[in-house]
Amino acid sequence: MKHSFLNMSALLICSRTLSRCFAFTPMPALKTARFASTAQFSNISDNKRQRRIAINAEPDASSTGTNSDSDSDTDTDTSVSPDPSPEIQTHLAEGLCAVYKPLEWSSNDVVMYIRGMLERDARGRGIKLPKRRSKSKKKVKVGHGGTLDPLATGVLVLGIGSGTKKLQEYLKGSKKYRAGVELGFETATLDMEGGREHVMANATKTGPTEHVTEDMIITDVIPQFTGDIMQKPPIYSAIRKNGKRLYEQARAGMTEDDIEIELREVSIHSLEYLSTDDNGKGLPCFGLDVECGGGTYIRSLVRDMGYALDTCATMTSLERTKQGQFGLDDALAKDDWSSENIYAAVERS
């Protein structure tokens, strides 16, 4: 009995000792705490998602008349107008038209003027234009189909937008001119640049005129200059020689004796003698109606006809009367230049 009692006492002491040693949160309690923590984070994440859903589900503040910084592009946002640029064309019409080039304007002056006009029109319609030298398709494009000298007037074909790609055929195509001619003197530019007083005081050549008759011009000379002929361009021209424009070299003091200017073949389709010039003067003045191919210089034609008449000659006026399908009636006068009229002319052509 005594030993049994001792054994039971020892077991009780061990049991109490073990209870003290392992007096900590049981494992099931730990698992419960861990699972509760995970559920808590899950609830936080769910709450964030619910807030995002709630924000997206709210109606756009702009539709209620309040200010909003929202950049939402949802289908329900109809109060904010989209950027109009992609919907608006830079050019209202693209193609070709013709204008009447004024006296003393260069062909490039006309292009710059028309381009500026169409650029202002495009900006007024909400187009944000790039710089002119940019390759962007949104820039306003304007070009011309064949240079007219500043002292010439008449039909100048313009390309607008994609129409600029069609201008090359006009550079090479047929053109018609009416020229004024005066025999007896020749100038460095082969025209009346600088005015009559300057020209007469600075003529480079002079020659007799009394022997010249209308019959000589019509019978002997005009046939020589009809068809395919060889022509020497003027030194005052935009042709490049030795890396520079001929007129640049001429203004630097060089002459035809200093620069070898090659002959070029040009085509004179028709050449008609007119008994008076544009001022109504007869011999030693007269007029010419010329139809020719691209690359023809009427100034050179007049010069060479003077030589054929055993004298010299200068072109006193020049008007281009037709280029391609465009005639004088198709060319917009300076007073009629506006974006509306330019686009209307493009559409008619």
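So, here's what we can say about the structure. (Residues numbered from 1 in each chain as written. Predicted model: local features only at pLDDT ≥ 70, side-chain atom pairs only at ≥ 80, totals over all residues. Heavy atoms only, no water.)

A word on the pattern of salt bridges
Here the structure, examined in full by the defined rule, presents seven salt bridges. Arg299 is the salt-bridge partner of Asp149, the closest N and O atoms lying 3.2 Å from each other. Of the two residues, Asp149 sits in the loop between β2 (142–144) and β3 (152–160) while Arg299 sits in helix α8 (residues 298–308), which places them 150 residues apart along the sequence. By relative accessible area, Arg299 is classed as buried at 4%. (Salt bridge = Lys/Arg side-chain N within 4 Å of Asp/Glu carboxyl O. Helix = DSSP H or I, 4+ residues; strand = E, 2+ residues; numbered from the N terminus. Buried < 20%, exposed > 50% of the residue type's maximum accessible area, 1.4 Å probe, protein only.)

Quick word on the side chain of Glu182
Inspection of the secondary structure puts Glu182 in strand β4 (residues 175–183). Side chain to side chain, Glu182 and Arg196 meet in a polar contact 2.6 Å long. For Glu182, the residues in contact, after removing those within four places along its chain, are Arg196, Pro284, Cys285, Cys312, Ala313, Thr314 and Thr316. (Polar contact = N/O pair within 3.5 Å; in protein donor to acceptor, adjacent residues only side chain to side chain. Contact = heavy atoms within 4.5 Å.)

Focus: the nonpolar core
Counting residues in hydrophobic clusters, the biggest one holds 28 residues, and the most contacted among them are Ile217, Leu271, Leu288, Val290, Ile298 and Met305. With residues up to four places along the chain from it excluded, the contact list for Ile298 reads Tyr177, Ala179, Val290, Cys292, Met315 and Leu318. In terms of nonpolar packing, the next biggest core, distinct from the first, is built from 22 residues, Val99, Ala122, Val142 and Leu158 among them. (Core = buried A, V, L, I, M, F, W, Y, C linked by side-chain atoms within 4.5 Å.)

Overview of the side chain of Arg303
Relative to the helices and strands, Arg303 resides in helix α8. On the accessibility criterion, Arg303 (4% relative accessible area) is buried. Filtering out sequence-adjacent residues up to four positions away, Arg303 remains in contact with Glu186, Leu190, Lys232, Pro233, Glu256 and Ala313.

Considering the packing of helix α3 (residues 107–124) against helix α9 (residues 339–348)
Where α3 meets α9, the closest approach of the two axes is 9 Å, and the angle between their N-to-C directions is 105°. Looking at the two axes, α3 sits roughly perpendicular to α9. Judged by residue contacts, Ile114, Met117, Leu118 and Asp121 of α3 engage Ser339, Ile342 and Tyr343 from α9. (Axes fitted to C-alpha atoms, helices over the stretch in contact; angles between N-to-C directions. Parallel < 35°, antiparallel > 145°, perpendicular 65-115°, else oblique.)

Focus: the packing of aromatic side chains
Applying the stated criterion across every chain yields a total of five aromatic pairs. Centroid distance Tyr113 to Trp337: 5.6 Å. Interplanar angle 55°. Geometry classified as tilted. One end of the pair, Tyr113, is in helix α3; the other, Trp337, is in the loop between β13 (326–327) and α9, with 224 residues separating them in the sequence. On the basis of relative accessible area, Tyr113 is assigned to the partly exposed category, the value being 33%. Ring geometry for Tyr273 versus Phe286: centroids 5.5 Å apart, planes at 35°, classification tilted. (Phe/Tyr/Trp six-rings, centres within 6.5 Å; stacked < 30°, edge-to-face > 60°.)

Here's the deal with the environment of Arg178
Mapped onto the elements, Arg178 comes out in strand β4. Overall, Arg178 belongs to the partly exposed group, its relative accessible area being 41%. Apart from the residues within four sequence positions on either side, Arg178 is in contact with Leu274, Leu288, Asp289, Ser317, Leu318, Glu319 and Thr321.

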